[in-house]
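Structural characterization, general
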Amino acid sequence: MKINRRFFLRASVIAGGGFMVGLHPIAKLKAQGPPGANQPLSPADFVSISSDGIATIVAKNQELGQGALNLLPMMIAEELDVDWKTVRVVRSGVGPQYGGQITGGSTATPSNWEPMRRIGAAARQMIVAAAAQTWGVAAEECSTASGVVYHRASSRSLRYGELAAKAATMPVPAFTSLKLKDPKDYKIIGTTTAGIETKEILTGKPIFGIDVTVPGMLYASFEKTPVLGGKVVSANLDAIKSMKGVKHAFVVEGVPMANPYPNYLFEGPGFEAGVAIVADSWWAAQSARKKLEVKWDFGKWATQESEANARRADELAAQPAGRTLRKEGDPEAAFQREDVKVVQARYEFPFIAHATLEPQNCTAHFKDGKMEIWSTSQFPAPGRTTVARLLGIPETDVTLHMVRAGGGFGRRAYNDSMCEAAWISKTVGAPVKLLWSREDDIRHDYYRCGGFQYFKAAIDRGGKLLAWKNHFVAYGEGDAFVHDGGFNAGEFPAGYVENLLVQASKMPLGLKTGALRAPGSNSIAWVMQSFIDEVAHAAGADPAQFRLALLKKSTAGTAPVDPRARALNPARMSGVLQLAMEKSGWGQRTLRPGAALGIAFHFSHGGYFAEVAEVAVDAKKQVTVNKVWVVGDIGSHVINPSSAENQVQGAVVDGLSEMIQEITLKNGHVVQSNYHDHSMLRMPQAPAIEVSFLKTNNPPTGLGEPALPPILPAVANAIFSATGERIRTLPMTKQGFRFA
Amino acid sequence: MITLTINGKPRPFSGDPEMPLLWVLRDEFNLKGAKFGCGMGLCGACTVHVNGEPARSCLMTAAEMSGKSITTIEGLSVDGSHPVQLAWEAIDVPQCGYCQAGQMMTACALLAKTPNPNDVEIDSAMSGNLCRCGTYRRIRAAVHQAAELGKVRK
Ligand code: FES
Ligand code: FES
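Residues numbered from 1 in each chain as written. Chains lettered and ligands numbered in written order. Predicted model: local features only at pLDDT ≥ 70, side-chain atom pairs only at ≥ 80, totals over all residues. Heavy atoms only, no water.

Turning to the domain arrangement of chain A, a few remarks are in order. All names here are of chain A. According to the domain assignment, chain A consists of domain 1 (7-191), domain 2 (209-299 + 360-435) and domain 3 (306-352 + 447-739). Look at where the C-alpha atoms of domain 2 and domain 3 centre, and you get two points 37 Å apart. On the domain 3 side, the residues contacting the 13 residues of domain 2 number 19 residues. Taken together, the two surfaces of domain 2 and domain 3 that pack against each other cover about 1,200 Å², and 59% of this comes from carbon and sulfur. There are one salt bridge connecting domain 2 and domain 3. In this structure, the salt-bridge partner of Glu272 is Lys512, at a minimum N-O distance of 2.4 Å. Remark: the boundary between domain 2 and domain 3 carries four residue pairs in polar contact (both at pLDDT 80 or more). A per-class count over the side of domain 2 that touches domain 3 returns nine nonpolar, one polar and three charged. (Domains from an automatic or database assignment. Contact = heavy atoms within 4.5 Å. Buried area = accessible area lost by both parts, 1.4 Å probe. Salt bridge = Lys/Arg side-chain N within 4 Å of Asp/Glu carboxyl O. Polar contact = N/O pair within 3.5 Å; in protein donor to acceptor, adjacent residues only side chain to side chain. Nonpolar A, V, L, I, M, F, W, Y, C, P; charged D, E, K, R; others polar.)

Take the nonpolar core next. Grouped together as the largest cluster of nonpolar side chains are 184 residues, with contacts concentrated most on A:Trp468, A:Met732 and B:Trp88. The element contributing the most residues to this core is helix α13 (residues 524-538) of chain A, with eight residues. Listed in part, the 56 residues of the second largest apolar core include A:Ala77, A:Trp113, A:Ala130 and A:Leu163. (Core = buried A, V, L, I, M, F, W, Y, C linked by side-chain atoms within 4.5 Å. Buried < 20%, exposed > 50% of the residue type's maximum accessible area, 1.4 Å probe, protein only. Helix = DSSP H or I, 4+ residues; strand = E, 2+ residues; numbered from the N terminus.)

This next bit is on the interface of chain A and chain B. Facing 58 residues of chain A, the contacting portion of chain B comprises 53 residues. Of the roughly 4,500 Å² buried between chain A and chain B, counting both surfaces, carbon and sulfur atoms make up 59%. Applying the counting criterion to the chain A and chain B interface returns five salt bridges. Between A:Asp654 and B:Arg132 there is a salt bridge, with the nearest N and O atoms lying 3.0 Å from each other. At the junction of chain A and chain B, the tally comes to 23 residue pairs in polar contact (both at pLDDT 80 or more). Those elements that place two or more of their residues in the side of chain A that touches chain B are α5 (198-202), α7 (282-290), α12 (438-443) and α16 (641-658) of chain A.

Residue and element names in this part refer to chain B. Along its sequence, chain B is organised into domain 1 (2-75) and domain 2 (83-153). Computed from C-alpha coordinates alone, the two centres of domain 1 and domain 2 are separated by 21 Å. At the interface, 16 residues of domain 1 touch 13 residues of domain 2. Taking both partners together, domain 1 and domain 2 bury about 1,200 Å²; carbon and sulfur atoms supply 59% of that area. If you look at where domain 1 meets domain 2, you find one salt bridge.

The next point concerns the packing of aromatic side chains. Residue and element names in this part refer to chain A. Overall, the coordinates contain 20 aromatic pairs over all chains when judged by the stated rule. A centroid spacing of 5.6 Å and a plane angle of 70 degrees characterise the contact between Phe271 and Trp423, whose relative ring orientation is edge-to-face. Placement of Phe271 in the loop between β11 (246-252) and β12 (274-279) and of Trp423 in helix α11 (residues 416-428) is noted, with a sequence separation of 152 residues between them. Look at Phe271 and you get buried, because its relative accessible area is 2%. Three or more aromatic residues joined by ring pairs form one cluster here, namely Tyr347, Phe455, Trp468, Trp526 and Phe531. Note that Arg726 overlies the ring of Phe720, its terminal NZ or CZ placed 4.1 Å from the centroid. (Phe/Tyr/Trp six-rings, centres within 6.5 Å; stacked < 30°, edge-to-face > 60°. Lys NZ or Arg CZ within 6 Å of the ring centre and 35° of its normal.)

Residues and elements named next belong to chain A. Here four bridges tie strand β7 (residues 148-151) to strand β8 (residues 156-159), and the two strands are oriented antiparallel to one another. Bridge pairing links Val148 to Arg159 in β8. Connecting the antiparallel pair β7 and β8 is a turn made up of four residues, with Ser155 showing a positive phi of about 55 degrees. (Pairing = 2+ DSSP bridges.)

Moving on: the environment of A:Trp84. Residues and elements named next belong to chain A. Among the secondary structure elements, Trp84 is positioned in the loop between α2 (68-80) and β5 (87-91). Put simply, Trp84 and Arg117 are 33 residues apart on the chain and 15 Å apart in space, counted from C-alpha to C-alpha. What Trp84 contacts, discounting residues up to four positions off in sequence, is Asn70, Pro73, Met74, Ala77, Val89, Ile188, Thr193 and Ile196.

Moving on, we come to the sheet that holds β7(A). All names here are of chain A. A sheet is described by the order of its strands in space; here three strands give the open sequence β6-β7-β8, paired in antiparallel fashion. Looking at which strands have only one partner, the edges of the open sheet turn out to be β6 (143-145) and β8. Shown here is a sheet whose adjacent strand axes are inclined to one another by a mean of 25 degrees, direction ignored. Most of the contacts of helix α3 (residues 108-135) go to β7, to which it runs at about 45 degrees, and overall it touches β6, β7 and β8. Packed onto the sheet, helix α4 (residues 160-167) meets β6, β7 and β8 and runs at close to 75 degrees relative to β8. (Axes fitted to C-alpha atoms, helices over the stretch in contact; angles between N-to-C directions.)

Residue and element names in this part refer to chain A. Taken over all residues, the pLDDT of chain A has a mean of 91, while the share at 70 or more is 93%. Here residues 28-41 scores under 50 on pLDDT; set against residues more than four positions off or in separate chains, the count is 16 contacts. Under a pLDDT of 50 for its full length, residues 260-267 has, in the predicted model, 32 contacts with residues more than four places off or in other chains. (pLDDT = per-residue confidence, 0-100.)

Okay, here's the thing in structure tokens:
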């Protein structure tokens, strides 16, 4: 959140003798309008203190189960120096004043760490100033604790609530001049706080998107084209309209996508064509839909098949690569050398769906030219923009309420259900709750992109990795990969091998792709860390020691590096790797027959993670993951420890599920439809997961994503150690493995 | 007209007798605790008790519920004080929380029959309930804790 440029802090009085501190737009910018927006900014009030001392703190990020309602308010409360039990957290609205409300990419912590603490510190400083003036003493002589200001010298004290009205009249400190706490004095950051809505969850209160009820609301079900870009030719609308409970049935033409690989994140408010059925209950709409007969024109993707894509990938891999992403040294010469051992492998990973347990849904109410929306979006601010453009109304006429989401994992970064609900509500002129069935959800996702990697490595006589080549074959056109379907040319071991060639080729794709938890990393970590393991075994080295040795061989500075490449810090990675080895007893323990350990690491979203998995594989290739050790370095602080541990354990379970999932295409249609053919781990399969954090002197970074990527290769590498069979294709069921 | 007994109260229902219990509860009686996840009996998010047995409310019709006694998460306690709820809170189980009502209803039915279950019994009773966020090990710990709390209470 970049607040210094466009905003300044301001305090105001609130009713009942309280005060409020927030970020207010700088007047000059308000007059000119910030670039790209044509509306005035309004203040974002983050913290208010009532005369009874209750601190109300606004949470501006969406809650998806990652703990966002606690996280940022904890930062404010810490510097405000109040007791957490006197804090009331409320959701903010949605608007530009909150500094970009997108929840994704594990960005909430790193981007808000400074500003949120400063907002809390500013409020505290003004309260202290009010006390000092009341007592006629210097502010420096005053201290605070638990919502009380003390003047120890004269044994006087005043509660924040008593000072609130006066504090509002104190000069507002400059944002950058604020003095922040010494971290050793933290009482809230680093101490577990209970989930803000846990009580409501445990008593079944209607707090999720799917639970939203608006008076007079109708229910919508929307049958979308099963093939990307398909159109409705005709449908038996009259028959549908005559069915019980059905109020409206109509063709939605769809809106042309802004580009071939549509992006609902910020613009291009396109959505798929189909038939909307609106009824007095969702069940009625859904029942009518079973009788729906649509004649489609599927268009150009109607013949697309997964198997054909795989064959095409092999053809492309045999041809000169479409593009070289990175080259160092002379890899071809190294491969030709007589004294080297060459290792080659082909890896393949599938498309997978997010499958959040709460299916996509949105409630919209269009009335008198204005739109009101209740949404679980992870990207509410871009969603508001998109809806305004779609309906051709000013953004200020779109009011968006954030509602708790039953999981996000990146799926709710895409506001397609929001666009659909808005369109349907406007068409029927009534409030409408649109709910997707599970089948809709699995078949109309923004899938984690599949891909292929063709590897070649040369190992010299001393067992050193001399040359590395990987040819990434995936989807895209021209210079562009499909959305979130690319490859980070800085991925390890790039920068640690003197002869390196990273290449890419593309083929067209008629499927929407997007960010899934640890995008770009959840597949890449598996291929790269698996092949490194192959190289280590070929070199006759211990896979953990081989990685540690490789991390010492940074070639940085020897070649120009793509500035977009995200490169890791080898010292931090070695740190987590060594601790993971220690925790898991790597090389120190005798395991049961049939059991083995596997190790892997990955850097993503600012976080360093090394993981060890202990697996046992039986004669029928049934895999039991006995235990997983996770070590993460996400900087100096773990803000909410219990929630953090929960996130990491969840990431591991999620990653294991990814080893058995796939989305495939037949005649341009997605084959899978529900949890029976796009399954996930169940309780008996979930391993014990020991989580450790290595605290280092670095600013805290996010945790939603970086713990996930290493688990796939850690388990695959363990399976190799246990069986001698290398998993080179996901889902691993393709090679006959399954979780016991 | 069908009469269901929901959380101890008789509730007349005159809508479509084929409507699944899940939607009767959610959209007719405004009890939103049971959740929709799959509509096929695969996820357990919609779990309620029918005559004390855990049941997938997405698979049962209103007509089949005539004369049956149904308990939903809202009927577990008025204030979240059921041992299962207390244990879930103490262990800090939920992430997104969407699956948890179904998880707790299944756990509650398990504990009614098996007051002191071991890990294998818990895993087998709970294996029909998916948690997309992966809170399984915390759920298991919470079931153990609820068993302890239940003993104290007796
Ligand atoms: S919604 Fe009933 S089992 Fe999934
Ligand atoms: S807590 Fe999110 S699905 Fe279980």
